[in-house]
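# An overview of the molecular structure
Read off the chains here:
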Amino acid sequence: SFLLRVYAWKGILADEGVVNRALMGMGLIDEPVVMLYTNVSMLVGMTYVYLPFMVLPLYANLVKMDLRLLEAAHDLGAGPLKAFWLITVPLSRTGIVAGCMLVFIPSVGEFVIPSLLGGADNIMIGRVVWDEMFSANNWPRASALAIIMIVAVIVPLLWLQNAVSATSPEDVRK
């Protein structure tokens, strides 16, 4: 399923793909725009794949929010933006952190999307480790890069664990 969805993006972003044909059909462009094998196509693919990992923890957190707090903020004169920043964002902090971790951890070692959509010139660390192991046959460098990748994942997790364990019960009730 994952691989099929990434291949579908290849078809959508190709020179003769759906987007270019639609733009040419509307007369907005005369020749196809190169979208595939660029950083933009890689960003589109990664956003498409990892967006649910961010949205679902946020939704799970926000669905439990007491809407009377927003109503009280509006009654006290707060505008929509101020009520959002003062009420919604602090109450959704755990969902934001969980979503960021759920997106960050797999995207650090992502290999398939950069290989299929980003082309050979991208420098995502998962792709670099693969190139060092299989193209350059430099296993010591690949091992060192893998250790760096593991540290890049463990440090934020330790920070998160420290932040969660330092939270007092009174902070949790707020």
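The following refers to the structure shown. (Residues numbered from 1 in each chain as written. Predicted model: local features only at pLDDT ≥ 70, side-chain atom pairs only at ≥ 80, totals over all residues. Heavy atoms only, no water.)

Here leucine 117 shows up in helix H7 (residues 112–118). Along the sequence, leucine 117 and valine 6 sit 111 residues apart, while their C-alpha atoms lie 7.8 Å from each other. Setting aside its immediate chain neighbours within four residues, leucine 117 contacts Val6, Trp9, Lys10, Leu36, Tyr37, Thr38, Ser41, Met42 and Gly45. (Helix = DSSP H or I, 4+ residues; strand = E, 2+ residues; numbered from the N terminus. Contact = heavy atoms within 4.5 Å.)

Below, the discussion takes up the side chain of lysine 10. Structurally, the position occupied by lysine 10 is in helix H1 (residues 2–13). Although lysine 10 is buried, it forms no salt bridge, and the closest oppositely charged side chain is aspartate 15 at an N-O distance of 12 Å. Looking at lysine 10, its side chain comes within polar contact range of the side chain of tyrosine 37, at 3.2 Å. (Buried < 20%, exposed > 50% of the residue type's maximum accessible area, 1.4 Å probe, protein only. Lys, Arg positive; Asp, Glu negative; His and termini not counted. Salt bridge = Lys/Arg side-chain N within 4 Å of Asp/Glu carboxyl O. Polar contact = N/O pair within 3.5 Å; in protein donor to acceptor, adjacent residues only side chain to side chain.)

Quick look at the packing of aromatic side chains now. Taken as a whole and judged by the stated rule, the model has five aromatic pairs. With centroids separated by 5.5 Å and ring planes inclined at 65°, the aromatic side chains of tryptophan 9 and tyrosine 48 adopt a geometry described as edge-to-face. Placement of the pair is tryptophan 9 in helix H1 and tyrosine 48 in helix H3 (residues 39–62), with a sequence separation of 39 residues. A network of ring pairs unites the aromatic residues Phe111, Trp130 and Phe134 as a single cluster. (Phe/Tyr/Trp six-rings, centres within 6.5 Å; stacked < 30°, edge-to-face > 60°.)

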